[in-house]
Amino acid sequence: MKSLSFPRHGDKENSDFFEHYLRELLTERDRVGLTDMIGQIDALMITVDPGHSIRYVGELCLMTPYHYLVTLESESHWTHILRIDMNSPDLLIREVKDSSTMGIFRSLNEVYPIGASKPNSRYMGEILRVENMSEVTRLQQEREFRFFSQDEIRRLELPGNLAISKPSPYSHNIVAYMERPEDQIRVYSLGLSRIRDDVQAAYRQAKELQEELGIDKLLNPIDHLATRIYSQNRETAILEWLSLSSYFYWGSYDIKDQNSSTNVTKSVHFADEINSPAKVFTANNTPYFVNHLEKLPSPTETFVRNYGPRLHHLAIGVNDGEYNGMENIDYVVSEISRQGKKFLLDVIGSREEGIKQIFSSASEHSSLIIEYVQRFGDFDGFFTKQNVAELTHAAGVEEELLNIQASASIKLKPSSEEFPA
């Protein structure tokens, strides 16, 4: 396996530091066998605040191809497992039972104004399939990555059959390893397992509506995961992820209109993102404290300052083709819009350009955006720069409004506490 053999895309210039350590780290990863031992993304972990998980399961099962499988109950969490099939990642939707529950993941939210308004709502990270968990963990510890102990994993009420890294200082995500032969089913060692009637009812309602609308056959698994980070952490976050995974650096594009860059990594083992989603990192080109001098837009850095470094959106693929006289993506968006779900802009792109994309509004349950993306024919690329600029701008407008609302809420709190009724 040669992780540096893939063609490079993009126009973003990287530092000498990045180019040097990209070569060194991936060459070493191949040499010690980690590239072969680490497989695809097996699952994604998301936590929501108390009372939100059932509605979020319903939302996801309407807007994506996911199905409710089972609920795992531990002392202070419910974890709902959503699955499409064994060829694409599961979703683990965790709900904290008690709003006063504290912990490391909540603390990652509480120093950010909008993040603090939903203290338990956050994307946690990915679970990667490995051939030999103890050997992968040993090699990563030799590279100075740190992992939670088994006792800490029990206290955090995460699956006991995982090796879980400490949160990244750059993306605030964790990376977990699960030992699983390719031909065996995924199992998560956590609490009591049962199918909950209330979750099942929300799931059935969503799937019946999805079928009634005619969108159930148009949606594909996750295409990519997009994380937003501080400008100064762009290169280190990418290198860290490549070191922990078996992904390669596909390339970076400079989105000058929005003063940002979009940086793409993909699995060395799978040509199709359906099997293991691309991992995208977006970062400002300049830090926030020069904005008053440069007068440049700053939607990406503003998001990170409001929410913290974290996942921004999940992109769902849409089949190429037409339905009811409309491009599939246009039909999907029109039908979901009729159910009350808002989108941040009109569908952008065209068949001539090779791609169409759109962002939903952020979920009230997880703060995550759903992106829909339809690529046409033999489109050779991952996106177009103009589409990314328009999507970034639209998301920035919504996030500014949310920041204003959060600031107003914070300002109102002291007066009510100082002068209680």
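Provided above is the structure to which this section pertains.
Fair warning: this is a prediction, and the values are worked out from it, not measured in the lab.

**Concerning the sheet that holds strand S5 (residues 90-96)**
Strand order in the open sheet made by the 8 strands is S7-S8-S6-S2-S5-S4-S3-S9, with mixed pairing throughout. Every other strand in the sheet has two partners, leaving strand S7 (162-164) and strand S9 (192-194) as the edge strands with one partner each. Averaged over all pairs of adjacent strands, the angle between their axes in this sheet comes to 25 degrees, without regard to strand direction. Packed onto the sheet, helix H3 (residues 53-63) meets strand S2 (38-48), strand S3 (67-73), strand S4 (77-83) and S5 and runs at close to 160 degrees relative to S5. Lying over the sheet, helix H6 (residues 133-142) contacts S2, strand S6 (122-130), S7 and strand S8 (174-179), oriented at roughly 145 degrees with respect to S8.

**Focus on empty space enclosed by the protein**
Across all of its chains, the model carries 2 cavities of 30 Å³ or more by this definition. One number sums up the size of the largest cavity: a volume of about 180 Å³. Lining the largest cavity are 18 residues, with His224, Thr262, His313, Glu371 and Val388 positioned closest to its centre. When contributions to the lining of the largest cavity are tallied by element, the ones reaching two or more residues are strand S10 (219-229), strand S13 (278-284), strand S14 (310-318), strand S18 (355-359), strand S19 (369-375) and helix H13 (385-418). Broken down by element, the residue count for the lining of the largest cavity peaks at 4 residues, all from S10. Looking at side-chain class alone, the lining of the largest cavity contains 7 nonpolar, 8 polar and 3 charged residues.

So, how was this worked out
Residues numbered from 1 in each chain as written. Predicted model: local features only at pLDDT ≥ 70, side-chain atom pairs only at ≥ 80, totals over all residues. Heavy atoms only, no water. Pairing = 2+ DSSP bridges. Helix = DSSP H or I, 4+ residues; strand = E, 2+ residues; numbered from the N terminus. Axes fitted to C-alpha atoms, helices over the stretch in contact; angles between N-to-C directions. Contact = heavy atoms within 4.5 Å. 1 Å grid on protein atoms, 1.4 Å probe; cavity = no way out; pocket = protein on both sides within 12 Å on 5 of 7 lines; lining within 4 Å. Points joined across faces, edges and corners; volume = space filled by probe spheres on them. Nonpolar A, V, L, I, M, F, W, Y, C, P; charged D, E, K, R; others polar.

These results come straight from atomic positions and should not be treated as a statement about function.
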